[in-house]
Amino acid sequence: MMDIMYSSTRNAGEKVTASKAVLQGLADDGGLYVPDRLPELDLGFRDMVSMDYRQIAYEVMKLFLTDYTKDELMHCINSAYDSKFDTEEIAPLSYADGAYYLELFHGATIAFKDMALSILPYLMTTAAKKNQLKEEIVILTATSGDTGKAAMAGFADVEGTRIVVFYPKNGVSAVQEKQMVTQKGKNVKVIGIRGNFDDAQTGVKKMFSDQELKKELKEHGFVFSSANSINIGRLVPQIVYYVYAYVNLLKNGKIQEGDEINVVVPTGNFGNILAAYYAKNLGLPIHKLICASNENKVLYDFFQSGIYDRNREFVLTSSPSMDILISSNLERLIYIISECDSEKNRELMSKLTETGVYEITSGMKEKLADFYGGYASEEMTAKKIRDLYGKTGYVIDTHTAVASAVYETYKADSEDERVSVIASTASPYKFARSVMTSIDSSYQDLDDFTLIDELCKISKVEVPKAVEEIRQAPVLHDTVCEKDEMQMMVRGFLGI
Ligand SMILES: *Cc1c(COP(=O)(O)O)cnc(C)c1O
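Each value, and the rule that gives it
Residues numbered from 1 in each chain as written. Predicted model: local features only at pLDDT ≥ 70, side-chain atom pairs only at ≥ 80, totals over all residues. Heavy atoms only, no water. Core = buried A, V, L, I, M, F, W, Y, C linked by side-chain atoms within 4.5 Å. Buried < 20%, exposed > 50% of the residue type's maximum accessible area, 1.4 Å probe, protein only. Contact = heavy atoms within 4.5 Å. Helix = DSSP H or I, 4+ residues; strand = E, 2+ residues; numbered from the N terminus. Near = heavy atom within 4 Å. Areas by Shrake-Rupley, 256 points an atom, 1.4 Å probe, with all protein chains shown as cover. Axes fitted to C-alpha atoms, helices over the stretch in contact; angles between N-to-C directions. Left-handed = near helix turned anticlockwise from the far one by under 90°. Nonpolar A, V, L, I, M, F, W, Y, C, P; charged D, E, K, R; others polar. Pairing = 2+ DSSP bridges. Salt bridge = Lys/Arg side-chain N within 4 Å of Asp/Glu carboxyl O.

1. Observations concerning the nonpolar core
Right, so step 1: Counting 114 residues, the largest nonpolar core has Tyr6, Met61, Leu65, Tyr242, Phe270, Ile334 and Tyr358 as its most contacted members.
Right, so step 2: Apart from the residues within four sequence positions on either side, Tyr6 is in contact with Glu14, Lys15, Val16, Thr17, Ala18, Ala21, Tyr33, Val34, Pro35, Phe64, Leu65 and Ile232.
Right, so step 3: In terms of nonpolar packing, the next biggest core, distinct from the first, is built from 41 residues, Ile110, Ala292, Tyr394 and Leu451 among them.

2. Points about helix α6 (residues 147-155)
Note: α-helices contain 3.6 residues per turn, so residues at a spacing of three or four share the same orientation.
Right, so step 1: Summarising burial for α6: seven of the nine residues are buried, a large majority.
Right, so step 2: One or two positions beyond α6, positive phi appears at Asp157, with a value near 60°.

3. Quick word on the site of the ligand
Right, so step 1: The environment of the ligand is formed by 15 residues, the closest being Lys113, Asp146, Gly268, Asn269 and Thr425.
Right, so step 2: Coverage of the ligand by the protein amounts to 98% of the 380 Å² it exposes when considered alone.

4. Focus on the packing of helix α10 (residues 232-251) against helix α11 (residues 271-282)
The description of two packed helices rests on the angle between their axes and on the distance between the axes.
Right, so step 1: The N-to-C vectors of α10 and α11 enclose an angle of 65°; their axes lie 8 Å apart at closest approach. The hand of the α10/α11 crossing is right-handed. The residues of α11 that touch α10, namely those facing Leu235, Gln238, Ile239, Tyr241, Tyr242 and Val243, are Gly271, Asn272, Leu274, Ala275, Ala276, Tyr278, Ala279 and Leu282.
Right, so step 2: Partitioning the contact of α10 with α11 into residue classes produces 11 nonpolar, three polar and no charged.

5. Some points on the sheet that holds strand β3 (residues 33-35)
Right, so step 1: The antiparallel open sheet is built from three strands, whose spatial order is β2-β1-β3. Looking at which strands have only one partner, the edges of the open sheet turn out to be β2 (11-16) and β3. Strand-to-strand twist across the sheet, computed as the mean angle between neighbouring axes with direction ignored, equals 40°.
Right, so step 2: Both strand β1 (residues 6-8) and β3 contribute to a ladder of three bridges, which runs antiparallel. In the sheet register, Ser7 faces β3, and the bridge partner there is Val34.

6. Describing the pattern of salt bridges
Right, so step 1: One pass over the structure, following the stated rule, counts 30 salt bridges.
Right, so step 2: With a closest N to O distance of 2.8 Å, Lys430 and Asp146 form a salt bridge. Of the two residues, Lys430 is situated in the loop between β15 (420-424) and α18 (432-439) and Asp146 in the loop between β6 (136-142) and α6; the sequence distance between them amounts to 284 residues. With respect to class, Lys430 is no different from Asp146; both count as buried.
Right, so step 3: Close ionic contact of Arg471 with Glu468 constitutes a salt bridge, the shortest N to O distance being 2.8 Å. Separated by three residues within a single helix, Arg471 and Glu468 lie in helix α20 (residues 465-471), roughly one turn from each other.

7. Some details on unusual backbone geometry
Most peptide bonds take the trans form, and the phi angle of most residues other than glycine is negative.
Right, so step 1: Of note in this structure, Asp97 is not a glycine but carries a positive phi near 50°.
Right, so step 2: Counting through the fold element by element, Asp97 comes out in the loop between β4 (93-96) and β5 (99-103).
Right, so step 3: The partly exposed category is assigned to Asp97, whose relative accessible area is 36%.
Right, so step 4: Phi at Glu415 is positive, roughly 55°, even though this residue is not glycine.
Right, so step 5: Positionally, Glu415 belongs in the loop between α17 (398-414) and β15.
Right, so step 6: Look at Glu415 and you get exposed, because its relative accessible area is 66%.

Put into structure tokens, the structure is as follows:
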């Protein structure tokens with residue numbers, strides 16, 4: 001089999017190996033790396049029922065990361081998916097009120113970002129060795145709350161790397177912020193910015209495509225990479241759990257081989273749902289990819305109209321990890337539906353940068369039939385948490401509740417009774433205040449850690465280690481900057 005090569009969504013010319021794409025993160029022209037063809041699984045789902053998460057991860061990841069040897073890939077997988085997760089299953093399915101919740105929050109920082117960020121450091125250091133990289137890798141990360149902590153947990157004190165995280169100072173939950181500002185490690189830096197996630201992401205992308213800065217860094221022995229889902233090394237590990245969930249349903253007799261399922265994904269930067277789309281292209285029988293947005297419903301409007309329009313008010317919601325108006329990974333989908341026309345894609349993306357709006361052709365829109373876009377208001381989200389808890393005792397977080405509410409709307413609209421899997425992207429403990437006040441508004445007077453203890457009482461789920469750790473932990477980072485000072489901060493940290 002020929003290696004899969006990666007090229008930029010904005011320039012089909014230059015092609016790099018998977019390991020180089022992982023190292024670079026973003027292409028020099030500001031585009032995202034995409035595989036030159038989408039592979040297919042070479043095993044049947046029945047053949048996988050006796051496999052554990054790690055074995056299935058290998059079967060999926062080897063198809064995309066073709067220049068990693070089997071030993072290299074197995075080393076990465078085995079180092080990532082171990083006792084850092086609080087369950088041997090890694091990503092268990094829970095059934096509640098007519099849907100399966102794929103719990104992706106059993107890792108070190110209790111959000112789904114752990115699924116990919118526990119392996120990315122290994123993929124990256126392996127890639128550095130393979131490519132005889134001499135420079136120290138500087139991971140620049142913009143976070144809407146969860147990526148930052150998960151990336152630092154993975155990269156803290158990893159030889160040959162440093163990591164800088166930018167988060168929106170007033171746009172994350174109390175637990176999210178405390179998790180980040182208490183992060184230990186000689187090579188980590190956490191900075192709050194006076195701006196929102198889009199500002200953070202735009203600032204980071206700008207530094208990536210600044211060729212002058214890149215040259216200067218190189219002279220000082222540094223090279224940038226990314227831990228955001230713009231990195232293909234983030235995306236590929238996220239494909240695994242969709243295949244794993246299907247195999248699990250098959251093993252437990254909930255579906256027959258070949259049966260189609262729906263997947264519902266609470267969406268922000270479009271990374272998780274794009275991984276589900278890649279899974280469908282691998283041969284996973286997915287009927288609808290249900291893209292759930294919160295009140296920042298730019299994607300819902302896009303699926304309705306074919307117009308992407310970020311010119312609107314940015315809303316701070318109870319699902320902050322989805323408070324995003326520029327969904328980076330949508331670019332990879334736009335590239336595919338334009339029949340891999342990098343010229344066309346580049347044109348649309350420059351319209352987005354210049355005017356904040358672009359419109360796809362009707363031909364492109366037809367290729368979006370696999371997707372259903374929906375959104376949930378703040379009221380619908382809170383009601384979903386309350387109702388599901390009332391009916392079943394199962395407590396979900398606000399992001400998962402957005403997905404669950406959208407699924408309810410979809411089911412009513414479509415009368416589609418297929419088995420459906422909802423990506424459950426965070427532990428309710430991470431958003432305890434919003435979750436508890438959704439269930440009963442009288443909780444609002446309690447402080448954050450008392451709410452956590454109350455959540456434990458009502459959900460009967462043990463308080464995760466990640467939360468216990470931060471109760472008493474000292475704050476180690478208190479830097480705050482303006483959005484146009486991001487580059488200065490990075491220079492300061494690197495001493496250049
Ligand atoms: C990041 C995140 C999302 C959004 O995922 P994308 O891949 O950015 O679409 C949803 N829920 C939680 C809890 C997250 O951390």
